[in-house]
Amino acid sequence: MIKKVHIATSRDIGEKCIKYAKEHMPEGYELCKDMQDSDVLICVMYDTILKEEFINKRRCYNFHAGLLPEYRGVGIFSWAILNGETETGITLHELDAGLDTGPIISCKKFPITTTSTAHALYQEGMDALFVLFKQYFRKIVVGNYQSKRAEKKPNSLYTRKMLEEMRDITRLIRALDFPGKEGLYYYNENGDRTIIKHD
């Protein structure tokens, strides 16, 4: 009996993975268009949280943009920069009822430099994701891999709301606005310091 595989995605990288999957599908498996029909579900930058009942009926996997278990949730490349990390990456893990808490199969790391932006890390991350996908696609489809339950880390979940709140720097500007004192500044890619003037 042919088993069905569905790749759920919300990004261009997912379409690239689907094309690869069509050309490298293990014998006895085929892609399906409806995730409800799947025996194996692979999430590639998919933006919908799946219900526990759905997950429990099939093998489910996720390619997460960030290193687990330290960075769960969304906007991870931004948070890695804000937290002063020197590396980030893509994690392949099994899906369970929690948010990015399933057993880890593998990860691919890459450095964060002093000039890295969230967008640059995202682009590098999508390249790393595709490398990891090609390395593990056939293995996870047939179930030929090892995984390790990750130790849960406190304060490791980052949300869209948290990222939106970080965008508002009104209080930070007011707090550092004092006559005769330097205000907010940032360093550009050339290492030059630029002062943010408060009107």
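Note that the coordinates shown come from a computational prediction; the quantities given were computed from them, not determined experimentally.

(A) Region of the structure containing the pairing of strand β3 (residues 40-44). Of all five residues making up β3, five are buried, and the element is well covered by its neighbours. Side chains V40, I42 and V44 of β3 all project onto a buried face; the interleaved residues L41 and C43 project onto the opposite face, where all are buried too. Pairing of β3 with strand β4 (residues 59-65), which is carried by five bridges, proceeds in the parallel orientation. Within β4, the position partnered with C43 by the bridge is N62.

(B) The sheet that holds strand β7 (residues 104-111), seen in detail. What the six strands build is an open sheet, ordered β2-β1-β3-β4-β6-β7; its pairing is mixed. Two strands close off the open sheet at either side, each with one partner strand: β2 (29-31) and β7. With strand direction ignored, the average angle separating the axes of adjacent strands in the sheet is 15°. Of the strand pairs in this sheet, strand β1 (residues 3-9) and β3 are connected by five bridges, and their pairing is parallel. Within β3, the residue paired with I7 across the bridge is I42. On the sheet, helix α1 (residues 12-23) packs against β1, β2 and β3 and is oriented at approximately 160° with respect to β1. Lying over the sheet, helix α4 (residues 118-142) contacts β1, β2, β3, β4, β6 (87-94) and β7, oriented at roughly 155° with respect to β7.

(C) Local environment of the layout of surface pockets. By volume, the largest pocket is sized at about 910 Å³. Lining the largest pocket are 33 residues, with Y46, D47, G73, V74 and R160 positioned closest to its centre. Going through the elements one at a time, β4, α3 (76-82), α4 and α5 (160-167) are the ones with two or more residues in the lining of the largest pocket. With four residues, β4 is the single largest residue contributor to the lining of the largest pocket. Among the residues forming the lining of the largest pocket, the class breakdown is 18 nonpolar, nine polar and six charged. Space inside the second largest pocket adds up to approximately 670 Å³. The wall of the second largest pocket is formed by 18 residues, among which I81, L82, S116, T117 and Y186 lie closest to the centre. Secondary-structure elements contributing two or more residues to the lining of the second largest pocket are α3, α5 and β9 (185-187).

(D) Looking closely at the side chain of H93. Mapped onto the elements, H93 comes out in strand β6. Sequence-distant contacts of H93, defined by excluding residues within four places in its chain, comprise C60, Y61, N62, H64, L68, D100, G102, P103, I104 and I105.

(E) Broad picture of the packing of aromatic side chains. Applying the stated criterion across every chain yields a total of ten aromatic pairs. Plain terms: the ring middles of Y20 and F133 are 6.1 Å apart, the flat faces sit at 80° to each other, and that makes the pair edge-to-face. With Y20 in helix α1 and F133 in helix α4, the pair connects residues that are 113 residues apart, well separated along the chain. Given the relative accessible area of 16%, Y20 is considered buried. On the basis of relative accessibility, which here comes to 0%, the residue F133 falls in the buried class. Ring geometry for Y20 versus F137: centroids 6.4 Å apart, planes at 80°, classification edge-to-face. Placement of the pair is Y20 in helix α1 and F137 in helix α4, with a sequence separation of 117 residues. Here Y20 and F137 have matching classes, each one buried. Site record: aromatic cluster; members linked through ring pairs are Y20, F63, F130, F133 and F137.

Rules and cut-offs
- Residues numbered from 1 in each chain as written.
- Predicted model: local features only at pLDDT ≥ 70, side-chain atom pairs only at ≥ 80, totals over all residues.
- Heavy atoms only, no water.
- Buried < 20%, exposed > 50% of the residue type's maximum accessible area, 1.4 Å probe, protein only.
- Helix = DSSP H or I, 4+ residues; strand = E, 2+ residues; numbered from the N terminus.
- Pairing = 2+ DSSP bridges.
- Axes fitted to C-alpha atoms, helices over the stretch in contact; angles between N-to-C directions.
- Contact = heavy atoms within 4.5 Å.
- 1 Å grid on protein atoms, 1.4 Å probe; cavity = no way out; pocket = protein on both sides within 12 Å on 5 of 7 lines; lining within 4 Å.
- Points joined across faces, edges and corners; volume = space filled by probe spheres on them.
- Nonpolar A, V, L, I, M, F, W, Y, C, P; charged D, E, K, R; others polar.
- Phe/Tyr/Trp six-rings, centres within 6.5 Å; stacked < 30°, edge-to-face > 60°.

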